[in-house]
Amino acid sequence: MRYLAILGRQPEISLAELRAQFGDVESISPVVKGSSLATFSANSRPELSRFGGSLKFGELLSVSPAKFLSSLPEGKITLGVSDYSMRASARSAASEALKLKRVLKKAGRSVRVLPNSAGSAISTAAAHHNGLGVFDKPLHVELMRVGKDWYRSIGAQNITAYARRDQARPARDARVGMLPPKLAQILINLCGELPDGARVLDPFCGTGVVLQEAILMGYAAYGTDLSERMVEYSEKNLRWLAAGLQMSQDALPFSVSTGDATDFQWAGPIDAVACETYLGPPMSQTPVEIKLKEAKQECGGILLGFLKNLAPQIKSGTPVVLAVPAWLRPDDSYSRLNLVDKIVELGYNVNKDFGSDLLYARAGQIVAREILILRKK
């Protein structure tokens, strides 16, 4: 089956995430201004909730939109139409929706059309709050047009769930950085396809965001951190997660220990490694050259020490996906660690098949995250 993905605000990273999971992913260009799209094939319907980099997924229709809508169960239909075609507009999308409403009305069906207040596409927030594409709400429908092709939405990003997993966790510490759950999902997905129950290691687990997302994706989580306080925070947050899932803590597949990633001996097996490494001291403004040099030396030393320690403890082919720091410069570029050659010498291949320049950052962010995709040789 062919699927459509509406990509997030950093489409290069969104594409990399999809390519790591589905292989052949085609970017669609040009499309309506402000949107980035891709199509891919999958043997079974993909779960949008597992993909932090995509805003919506759609499934290609094999019949006309009118025939599809006519086949829905009895009851009032809530319909949104998003037109991602070149030169599409709010007016053209609304026109398509009203045409479909007239056809269905003649057949005796009741239809509520959602307004295209954000342009030619229904916003992710509107799609989510109206339950468009939700599996257990078959009468809440979003149809997405790309040229001559029509897709039915199979989900919009659950911004409510992401906000809760990020902001409602009982143990948070802004001083050590706030890893977004979406980015944690992306890091795990960039490891490639993993078997159910695979054991995912985060050697810099902090407050446990990667561990949390790994568990929700059906994996076993294994975390370590140099700070005892961070280990306590991870444990507290995972107990909170267990309660939310109505599971006993003992039933939740995780273990957390205190340990220095540069010399710790992890208990096997380790099927994948996904983590945000040490990002250096917090910075509120662009660092001067001497501060940048100091931060690079400190962060680079920890990164290489960790990878050297890890290499003999994992099997050949084990994926290792890292978010490492990059620093904003006065010309709005980012200065990277640039340690690829040394990483290769430590026994890793650097995978650029999914994307060669993956930088996760907000506009003006002082310390961004460069994503490195490695595999043990």
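Scroll up a little and you will see the structure.
Residues numbered from 1 in each chain as written. Predicted model: local features only at pLDDT ≥ 70, side-chain atom pairs only at ≥ 80, totals over all residues. Heavy atoms only, no water.

Side note on the pattern of salt bridges
Then comes step 1: Inspection of every chain in the model, using the stated rule, returns 10 salt bridges.
Then comes step 2: Ionic pairing is found between K56 and E142, a salt bridge with its closest N-O pair at 2.6 Å. Here K56 is found in strand 4 (residues 54-60), whereas its partner E142 is found in strand 7 (residues 140-146), with 86 residues between them in sequence. Neither residue differs from the other here; K56 and E142 are each classed as buried.
Then comes step 3: R172 is the partner of D166 in a salt bridge, and the nearest nitrogen-oxygen pair spans 3.8 Å.
Then comes step 4: A relative accessible area of 35% places R172 in the partly exposed class.
Then comes step 5: Because the salt bridges share partners, they merge into one network encompassing R336, D357 and E370. (Salt bridge = Lys/Arg side-chain N within 4 Å of Asp/Glu carboxyl O. Helix = DSSP H or I, 4+ residues; strand = E, 2+ residues; numbered from the N terminus. Buried < 20%, exposed > 50% of the residue type's maximum accessible area, 1.4 Å probe, protein only.)

Side note on helix 1 (residues 11-22)
Then comes step 1: Counted at 1.5 Å a residue, the expected span for helix 1 with its 12 residues is 16 Å, and the 16 Å between its end C-alpha atoms agrees.
Then comes step 2: All of the buried residues along helix 1 are I13, S14, L15, A16, E17, L18, A20 and Q21.
Then comes step 3: Where helix 1 ends, the next residue or the one after it, G23, has phi of about 80°, a positive value. (Expected span 1.5 Å × (residues − 1).)

So, the nonpolar core
Then comes step 1: Among the nonpolar cores identified, the biggest contains 40 residues, and L190, Y219, L238 and I371 are the most heavily contacted of them.
Then comes step 2: Breaking this core down by element, the ones donating at least two residues are helix 1, helix 6 (181-189), helix 7 (209-216), helix 8 (228-244), strand 11 (254-258), strand 12 (272-276), strand 13 (319-328) and strand 17 (367-376).
Then comes step 3: Each residue touching L190, except ones within four places of it in the same chain, is listed here: A16, E17, A20, V321, F354, I371 and I373.
Then comes step 4: Of all hydrophobic cores here, the second largest spans 38 residues; its members include L201, L310, Y334 and A361. (Core = buried A, V, L, I, M, F, W, Y, C linked by side-chain atoms within 4.5 Å. Contact = heavy atoms within 4.5 Å.)

Regarding the sheet that holds strand 2 (residues 25-28)
Then comes step 1: As summarised here, the arrangement of the 8 strands in space is 2-3-1-4-8-7-5-6, forming an open sheet in which the pairing is mixed. At either margin of the open sheet sits one strand with a lone partner, and together these are strand 2 and strand 6 (111-113). Direction aside, the axes of adjacent strands within the sheet are offset by 30° on average.
Then comes step 2: Two strands pair when backbone bridges link them, and strand 5 (residues 77-83) and strand 7 are joined in this way by 6 bridges, in the parallel orientation. Looking at the pairing, S82 lines up with M144 of strand 7.
Then comes step 3: In the packing of helix 3 (residues 90-106) onto the sheet, the strands contacted are strand 5, strand 6, strand 7 and strand 8 (149-156), and the crossing angle to strand 5 comes to about 145°. (Pairing = 2+ DSSP bridges. Axes fitted to C-alpha atoms, helices over the stretch in contact; angles between N-to-C directions.)

Thoughts on empty space enclosed by the protein
The rolling of a water-molecule-sized probe over the atoms marks out the regions of remaining empty space.
Then comes step 1: This structure, assessed with the given rule, holds 2 cavities of 30 Å³ or more.
Then comes step 2: For the largest cavity, the calculated volume is near 80 Å³.
Then comes step 3: Taken together, 11 residues form the lining of the largest cavity, with D166, R169, M178, T207 and V209 sitting closest to its centre.
Then comes step 4: Residues of the lining of the largest cavity, tallied by class, amount to 4 nonpolar, 2 polar and 5 charged.
Then comes step 5: Reported here for the second largest cavity is a volume of approximately 60 Å³. (1 Å grid on protein atoms, 1.4 Å probe; cavity = no way out; pocket = protein on both sides within 12 Å on 5 of 7 lines; lining within 4 Å. Points joined across faces, edges and corners; volume = space filled by probe spheres on them. Nonpolar A, V, L, I, M, F, W, Y, C, P; charged D, E, K, R; others polar.)

With respect to the side chain of Q365
Then comes step 1: Looking at where Q365 falls in the secondary structure, it is placed in the loop between strand 16 (359-360) and strand 17.
Then comes step 2: Of note is the side chain of Q365, whose polar atom sits 2.8 Å from the backbone oxygen of V367.
Then comes step 3: Each residue touching Q365, except ones within four places of it in the same chain, is listed here: L328 and Y334. (Polar contact = N/O pair within 3.5 Å; in protein donor to acceptor, adjacent residues only side chain to side chain.)

Observations regarding the environment of S44
Then comes step 1: Structurally, the position occupied by S44 is in the loop between strand 3 (37-41) and strand 4.
Then comes step 2: The class of S44 is exposed, set by a relative accessible area of 52%.

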